[in-house]
Amino acid sequence: MKHTTQLPDRRPVLDRNGAATAAPPPARTTTRRRPASQQWAAWAFLAPVALYLVLFYAYPLYRNIDLSLRNYTVRSFVQGDAPFTGLANYRTVLDDPAFAPALLHTVVFTGVCLVFQYAIGLALAVFFNQHFRLSVTLRALFLVPWLLPLIVSASTWSWMLNSDSGVVNALLSALGIGPVNWLTSPSWSLTSVIIANIWIGVPFNLVVLYSGLQSIPASLYEAAALDGANAWQRFWRITFPLLRPVSAITLLLGLVYTLKVFDIIWIMTKGGPADSSTTFATWSYQLGFGNLLPAFGPGAAVGNLLVVAALVFGLVYLRVQRKQALS
């Protein structure tokens, strides 16, 4: 038996007078709507994430903005009747003599830490990418600073850099170099917290950059070696360009993390001596909680400046990534 496929009737339709008219268009097929049970299931999975973002991100950010726009005291903070002052707290922060030093320390602390953390992390990632014996064990040991609680790491560095009984000064004395007041000298306090933060941040750069190196095909290195490229040329022409997307996200995350570093600086120097290691993060805490008469509004304003800085750098990163994707 021969099967035939019935085609849609395309013959013209005749009206009452026998004239041909156009055939009616075929009926449009409508997409099936998702069942209500599936929609409720999707919302149920999204609800915990949305609740977490609202409770721990959106609401604290709203409260911080509200603090920075009102004149809060201890009494008004409890009763909730603080008068609205607009941008007065921001003007107070900008006119404060401590603003310029804190801004400079924040820029220096963030910039130096990012450069050294990325450079050392990249060098270690390339080194461990050689897959030599004990590379896995050594790579795991390098993760220890990242896994330790910040209070443990900062306390350890405070002990090591102690002027009287620190290991670093003992080593310097053995080499014939006089002791250095790492934590009590205005000339060395910022350097001390930078060294500690670099040590803590290197493992993160190592892990991310090492994972990026695993995605680069080995055939590219083999072809370059056959063409006569040395190790530096292979790194500069192959490794570094192909790691650019991973490097960008590594630097962005490192920037956001370094801008808000508080624990290390506060445990080691408390922003001193004489505010020589004060950054925006420690200054915000000092304004809000470090005095007998706390300045909640200016402290919240300094915190919002950090949020704006991180947001600006994040938008710049997204714009650069979009240009690279279109090019």
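Residues numbered from 1 in each chain as written. Predicted model: local features only at pLDDT ≥ 70, side-chain atom pairs only at ≥ 80, totals over all residues. Heavy atoms only, no water.

**Student:** So what's going on with the packing of helix 9 (residues 189-214) against helix 12 (residues 244-259)? Residues and values would help.
**Tutor:** Closest axis-to-axis distance for the helix 9/helix 12 pair is 10 Å, and the angle between their directions is 155°. Taken together, the axes of helix 9 and helix 12 lie roughly antiparallel to each other. For the crossing formed where helix 9 meets helix 12, the hand is right-handed. Together, N197, I200, F204, N205, V208, L209 and G212 of helix 9 and V246, S247, T250, L253, Y257 and T258 of helix 12 make up the contact between the two elements. (Axes fitted to C-alpha atoms, helices over the stretch in contact; angles between N-to-C directions. Helix = DSSP H or I, 4+ residues; strand = E, 2+ residues; numbered from the N terminus. Parallel < 35°, antiparallel > 145°, perpendicular 65-115°, else oblique. Left-handed = near helix turned anticlockwise from the far one by under 90°. Contact = heavy atoms within 4.5 Å.)

**Student:** Account for the side chain of D66, with residues named and values stated.
**Tutor:** Note on placement: D66 falls in helix 1 (residues 36-68). Only 2.8 Å separates the side chain of D66 from the side chain of Y72, close enough to count as a polar contact. (Polar contact = N/O pair within 3.5 Å; in protein donor to acceptor, adjacent residues only side chain to side chain.)

**Student:** I'd like a rundown of the packing of aromatic side chains, residues and numbers included.
**Tutor:** This structure, assessed with the given rule, holds 20 aromatic pairs. Relative to Y285, the ring of W266 lies with its centre 4.9 Å away and its plane at 70°, an arrangement referred to as edge-to-face. In this pair, W266 sits in helix 13 (residues 263-268) while Y285 sits in helix 14 (residues 280-289), placing the two residues 19 residues apart along the sequence. For Y285, a relative accessible area of 32% gives the class partly exposed. Three or more aromatic residues link up through ring pairs in this structure, and these residues are F262, W266, Y285, F289 and F296. (Phe/Tyr/Trp six-rings, centres within 6.5 Å; stacked < 30°, edge-to-face > 60°. Buried < 20%, exposed > 50% of the residue type's maximum accessible area, 1.4 Å probe, protein only.)

**Student:** Describe the packing of helix 7 (residues 150-160) against helix 9, with residues and values.
**Tutor:** Geometrically, a packed helix pair is captured by the angle between its two axes and the distance between the axes. As a packed pair, helix 7 and helix 9 sit with axes 10 Å apart at the nearest point and diverge in direction by 135°. By the angle between their directions, the pair helix 7 and helix 9 is classed as oblique. You can see that helix 7 and helix 9 cross each other, and the crossing is right-handed. Residues L150, S153 and W157 of helix 7 pack against I195, A196, W199 and I200 of helix 9. Broken down by class, the residue content of the contact of helix 7 with helix 9 amounts to six nonpolar, one polar and no charged. (Nonpolar A, V, L, I, M, F, W, Y, C, P; charged D, E, K, R; others polar.)

**Student:** Would you mind going over the nonpolar core in detail, with residue names and values included?
**Tutor:** It is characteristic of soluble globular proteins that their nonpolar side chains tend to be buried jointly. Formed by 34 residues in total, the largest nonpolar core has its most connected members in F109 and M268. For this core, the element with the highest residue contribution is helix 9, accounting for 11 residues. Once you skip the residues sitting within four places of it in the chain, F109 turns out to touch L190, V193, I194, N197, T258, V261, I265 and T279. Counting residues in hydrophobic clusters, the runner-up holds 14 residues, among them F99, L255, L259 and V302. (Core = buried A, V, L, I, M, F, W, Y, C linked by side-chain atoms within 4.5 Å.)

**Student:** Could you give an account of the layout of surface pockets, naming the residues involved and the relevant values?
**Tutor:** Each pocket or cavity is described by its volume, and for the largest pocket that value is around 920 Å³. Taken together, 27 residues make up the lining of the largest pocket; nearest its centre are N64, K260, G303, L306 and V307. Of all the elements in the fold, those that place two or more residues in the lining of the largest pocket are helix 1, helix 12, helix 13, helix 14 and helix 15 (296-326). Of the residues that constitute the lining of the largest pocket, the class distribution is 20 nonpolar, five polar and two charged. (1 Å grid on protein atoms, 1.4 Å probe; cavity = no way out; pocket = protein on both sides within 12 Å on 5 of 7 lines; lining within 4 Å. Points joined across faces, edges and corners; volume = space filled by probe spheres on them.)

**Student:** Requested: an account of the pattern of salt bridges, with residues and values cited.
**Tutor:** Counting across every chain of the model gives two salt bridges. With its nearest N and O atoms 3.4 Å apart, the salt bridge here joins D66 to R63. A residue pair is termed a helical-turn pair when its members lie 3 or 4 positions apart in one helix, as D66 and R63 do in helix 1 at three residues. Of the residues examined, D66 reaches a relative accessible area of 14% and is grouped as buried. When its relative accessible area of 26% is taken as the criterion, R63 is described as partly exposed. Notably, a salt bridge pairs D66 with R70, separated by 2.8 Å at the nearest N-O pair. (Salt bridge = Lys/Arg side-chain N within 4 Å of Asp/Glu carboxyl O.)

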